[in-house]
Amino acid sequence: MSDRTLVKMTFPGIARSASLARRWVADVLTAAGHQDVDGARLITSELFANAVLHTGSGRAGGLVTIEVFEIGHALARIEVIDEVPPLREPSNGDCGGRGLRLVHESSIRWGIRAMPPRRNSVWVEVSTLMVLGASEYSGWSDGAAASAREAPSANVHS
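Below or above, wherever it landed, is the structure these notes cover. Because the structure is predicted, anything quoted here is derived from the model rather than measured.

So, how was this worked out
Residues numbered from 1 in each chain as written. Predicted model: local features only at pLDDT ≥ 70, side-chain atom pairs only at ≥ 80, totals over all residues. Heavy atoms only, no water. Phe/Tyr/Trp six-rings, centres within 6.5 Å; stacked < 30°, edge-to-face > 60°. Helix = DSSP H or I, 4+ residues; strand = E, 2+ residues; numbered from the N terminus. Buried < 20%, exposed > 50% of the residue type's maximum accessible area, 1.4 Å probe, protein only. Lys NZ or Arg CZ within 6 Å of the ring centre and 35° of its normal. Core = buried A, V, L, I, M, F, W, Y, C linked by side-chain atoms within 4.5 Å. Pairing = 2+ DSSP bridges. Salt bridge = Lys/Arg side-chain N within 4 Å of Asp/Glu carboxyl O. Axes fitted to C-alpha atoms, helices over the stretch in contact; angles between N-to-C directions. Parallel < 35°, antiparallel > 145°, perpendicular 65-115°, else oblique. Left-handed = near helix turned anticlockwise from the far one by under 90°. Contact = heavy atoms within 4.5 Å. Nonpolar A, V, L, I, M, F, W, Y, C, P; charged D, E, K, R; others polar.

A short note on the packing of aromatic side chains
Counted under the stated rule, the structure contains 2 aromatic pairs. When the ring of phenylalanine 11 is compared with that of phenylalanine 48, the centres are 6.0 Å apart and the planes differ by 85°; the resulting orientation is edge-to-face. Here phenylalanine 48 lies in helix α2 (residues 38–54) and phenylalanine 11 lies in strand β1 (residues 3–12), a separation of 37 residues in the sequence. Phenylalanine 11 sits in the buried class, given a relative accessible area of 6%. Following the ring pairs from residue to residue traces out a cluster consisting of Phe11, Trp24 and Phe48. When the ring centre of phenylalanine 69 is taken as reference, the NZ or CZ atom of arginine 77 above it lies at 4.3 Å.

What about the nonpolar core?
Ranked by size, the top nonpolar core spans 27 residues in total, and within it Val25, Phe48 and Ile66 carry the most contacts. When contributions to this core are tallied by element, the ones reaching two or more residues are α1 (17–31), α2, β2 (63–71), β3 (75–82), β4 (109–115) and β5 (119–127). It is α1 that provides the largest number of residues to this core, a total of 7 residues.

Thoughts on the pairing of β5
The buried fraction of β5 is high, at 7 of 9 residues. Strand direction decides the pairing type here: β3 and β5, joined by 8 bridges, are antiparallel. Across the sheet, aspartate 82 pairs through a bridge with asparagine 120, a residue of β5. Pairing analysis gives 7 bridges linking β4 to β5, with the strands arranged antiparallel.

Regarding the pairing of β2
Most of β2 sits inside the fold, with 8 of its 9 residues counted as buried. Note that β1 and β2 share 9 bridges and pair antiparallel. Bridge pairing links valine 7 to valine 68 in β2. Two successive antiparallel strands, β2 and β3, enclose a turn made up of 3 residues, where glycine 72 displays a positive phi of approximately 75°.

With respect to the pattern of salt bridges
The full count for this structure, using the stated rule, is 7 salt bridges. Here arginine 41 and aspartate 38 are joined by a salt bridge, their closest N and O atoms 2.7 Å apart. Taken together, the residues span about one helical turn, with arginine 41 and aspartate 38 both in helix α2 at a distance of 3 residues. A salt bridge links arginine 113 to glutamate 79; the nearest nitrogen and oxygen atoms lie 2.5 Å apart. Of this pair, arginine 113 sits in strand β4 while glutamate 79 sits in strand β3; the two residues are 34 residues apart in sequence, bridging distant segments of the chain. The partly exposed category is assigned to arginine 113, whose relative accessible area is 30%.

Brief notes about the packing of α1 against α2
Remark: α1 packs on α2, axes separated minimally by 9 Å, with the N-to-C direction vectors making an angle of 150°. Classified by the angle between their axes, α1 and α2 sit roughly antiparallel to one another. Once α1 is placed against α2, the crossing between them reads as right-handed. Contact with α1, carried on its side by Ser17, Ala18, Ala21, Arg22, Val25, Ala26 and Leu29, involves Ala40, Arg41, Thr44, Ser45 and Phe48 of α2 and no other residues of that element. For the contact of α1 with α2, a count of residues per class yields 7 nonpolar, 3 polar and 2 charged.

Everything listed here is a matter of coordinates, which is why it stays silent on function.
Shown next, in the form of C-alpha cells:
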C-alpha cells in the first residue's frame with residue numbers, strides 16, 4: 001500500500017489557528033473521499049494545540065506545518081511539524097499533559113520523527129472508514145471488517 005500526499009500547509013502558531021487547521025484537514029480528507037474524519041479532526045486539534053502551547057510555534061512569528069497523506073481508501077496520516085518536547089507522564093495533579101495519550105488511544109499508529117534542524121514531526125495514522133457493522137462492508141470479508149473495527153493502537157517511532 002502506498003502513501004499519497006494530499007496536501008501540506010503552514011499555519012500561524014496561534015491558538016485560533018487550531019480551528020482552521022482542524023477544519024482544513026477534515027475538508028481535505030472529505031474531498032478525497034474519506035467517510036469518517038472525526039478522529040482526524042480530533043487528533044489535528046490536539047497536536048496543533050500541543051505545538052502552540054509547548055514549542056517555539058507559540059512564540060511571536062511561530063509556525064505549525066501540517067501534512068495530510070492518504071494510505072488507501074480507509075486510512076490517513078497526519079503530520080504536525082514543529083519542535084516537539086520529549087514525552088512525559090502526567091502526574092495525578094496535572095490539569096494537562098494527557099493529549100498524547102488521547103492521540104495514542106484515537107489512532108492506529110503514531111510516532112515522532114526527527115527533522116533537522118531542531119524540528120520534529122508527530123505523525124498519526126487514523127482510520128477514516130465509517131465502521132457500522134460487518135454486514136455493511138460490501139465486498140469485505142467478515143474478518144476484514146472485524147480487523148477494521150479492532151485495529152490496535154501502537155506507539156511506533158520512526
